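Structural characterization, general
The residues making up each chain are set out below.
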Amino acid sequence: MLRTIPEVDPTPRPAGGTLLLNNYRATGIGDFGLELRARLGGPVTYLETDPDGHHERSQLREVRAWNGPAIINLGLTAWGSSALRNLVGYFHLSRRVRRTGPETIVLVHNLIEAMDAETTGYPVPPWVRVGAHWAVAHVTGAKLVAFSRTVGELLRSRYHTPPALLTPLPCAPGRGVGSPQDPALGIVVPGYLSPYKGHERLPAIRSLVPERIPIDVVGGPHRVLRERDPAYRRNLTLLEARLRAVGIRVHGRVPDAELERLLTGSTVALLPYRATQGGSAMFSRIASAGLPVVATDLPEFRWLAELGAGVVLTPSTPEALAAGVRRVLDDAELRASLVARQNAFAARFSWERFVCDLGRLAGGPPTPGAGGPASPLT
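Along every chain, residues carry numbers that run from 1 in the direction the sequence is written. Selection of residues for local features in this predicted model requires a pLDDT of at least 70, selection of side-chain atom pairs for listing and counting requires 80 or more, and totals for whole chains, interfaces and linings are taken over all residues. The basis for every side-chain value is the complete set of non-hydrogen atoms in the structure, without hydrogens or water.

**Some remarks on the packing of aromatic side chains**
The following threshold applies: What counts as a ring pair is set by centres within 6.5 Å for rings of Phe, Tyr and Trp (its six-membered ring), and what kind of pair is set by the plane angle: stacked under 30 degrees, edge-to-face over 60, tilted for all other angles. Two conditions define a charge sitting above a ring: the NZ of Lys or the CZ of Arg must be within 6 Å of the ring centre, and it must be within 35 degrees of the ring normal.
Using the criterion set out here, one finds twelve aromatic pairs in the structure. Ring pairs connect the aromatic residues Tyr196, Tyr273, Phe283, Phe301, Phe345 and Phe349, which therefore count as one cluster. Seen from the ring of Tyr46, Arg37 lies directly overhead, with NZ or CZ sitting 4.1 Å from the centre. Over the aromatic face of Tyr192 sits the side chain of Lys197, whose NZ or CZ is 3.8 Å from the ring centroid.

**Thoughts on the nonpolar core**
Stated formally: To define a nonpolar core, start from buried Ala, Val, Leu, Ile, Met, Phe, Trp, Tyr and Cys residues and group those joined through side-chain atoms within 4.5 Å. Burial status follows relative accessibility: with a 1.4 Å probe on protein chains alone, a residue under 20% of its type maximum counts as buried, one over 50% as exposed, and anything between as partly exposed. Should any heavy atoms of two residues lie within 4.5 Å, those residues are counted as being in contact.
Leu93, Phe283 and Phe345 are the most contacted members of the largest nonpolar core, which has 62 residues in total. Apart from the residues lying within four places of it in its own chain, the contact partners of Leu93 are Leu21, Leu60, Val63, Ile72, Leu74, Trp79 and Val139. Val189, Leu202, Leu243 and Leu270 belong to the second largest nonpolar core, which has 27 residues in total.

**Some thoughts on the sheet that holds strand S6 (residues 165–166)**
Filter applied, for reference: In short, DSSP must find at least two bridges between two strands for them to pair. Here a helix means four or more residues in a row that DSSP labels H or I, a strand means two or more in a row labelled E, and each is numbered from the N terminus. Inter-axis angles, ranging from 0 to 180 degrees, are taken between N-to-C directions of lines fitted to C-alpha atoms, where helices are fitted over the stretch in contact.
Reading across the sheet, the six strands line up as S2-S1-S3-S4-S5-S6 and stay open at both edges, with parallel pairing between neighbours. At either end of the open sheet lies a strand with only one pairing partner, and these are strand S2 (44–48) and S6. With four bridges joining them, strand S1 (residues 18–22) and strand S3 (residues 70–73) adopt parallel strand pairing. Looking at S3, one finds that Leu19 is bridged to Ala70. Lying on the sheet, helix H2 (residues 56–65) is in contact with S1, S2 and S3; it crosses S2 at an angle near 145°. Strand contacts of helix H6 (residues 149–159): strand S4 (104–108), strand S5 (143–146) and S6, with the helix running at about 145° to S5, the strand carrying the most contacts.

**Topic: the pairing of S1**
Here is the rule: Here the term right-handed applies to a crossover when the path leading from its first strand over the helix to its second strand runs clockwise, the strands being oriented away from the viewer.
Counted residue by residue, S1 has five buried out of five residues, so it is predominantly covered. With five bridges connecting them, S1 and S2 associate as parallel partners. Looking at the pairing, Thr18 lines up with Val44 of S2. You can see the chain leave S1, run along helix H1 (residues 28–39) and come back into S2, and the turn it takes is right-handed.

Written out as structure tokens, the structure reads:
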């Protein structure tokens, strides 16, 4: 039985700007919410979940009582590994949605239907799938924002609710190099280490690209898997040893400024993923740096290419990925075209435009200087 939270005072209160309920940090979704918090115009009341469930009751009371626009930026495990805590959280969010409807914006980064044990690295029991579907289904009365075509299609087909906005994750334009990079600068493989990211292909790729071209792997371990899965920790240790043994530099999680230096100081970014599950925040970060990408030909990356991103798509084998990298390294004209496409993509799907779209969805005026609202993508 779901734990109850005391009823809130239904007396209308003056709206105090925007409320943002964010996933706990040191996760892709939580870090996205932190940047959103910094970019939202006007006063923002900020609440952040805790993986141990601390303050869940008081936060949910405040969310339900809030009279004004609210943005919900949560993953399916926003309150940690406890299925009960997450069901309680989404149950009470659904009560706010029933009361306020379109005044609530829910950012949908992923859906349980897009996940499987092979790509996530951990099994999802059937009852968890049912609960996760229930959680999202009970907030579909809000305005939904999706960051990948796959998630948008699943919202339509499995939840019978098209997203109010379908857009790539926003970029920070202006960081781009603006001109083709020196082909000898190197290859960067950014993103946290998770089973679906395909890092095990890198030793074979290393043997297929010129030795003088350095390869840098940037990203820490998956937070939940590191804490709870001994097999993941063992495999991670073996993977890092294999990468170093063939001369690949492994940096781990680095400060933001160091990540920026590695992106802008490389020739090409490599994303050898075996699967994609939602929008790629790292791809948007790479586009912000004006850096060309070689990626596995997966639905998410294909969609981004169709929208104008500077990406070369290849089959999933190490041989094909290495050939794509060599093609970018060897062809200065291609590099120039990819850089230009990445810079244009980052300008088109900027943070300023995204915040403006959120203001439009919430029924408020566009953020000053954002350049006007944009139409939802299809």
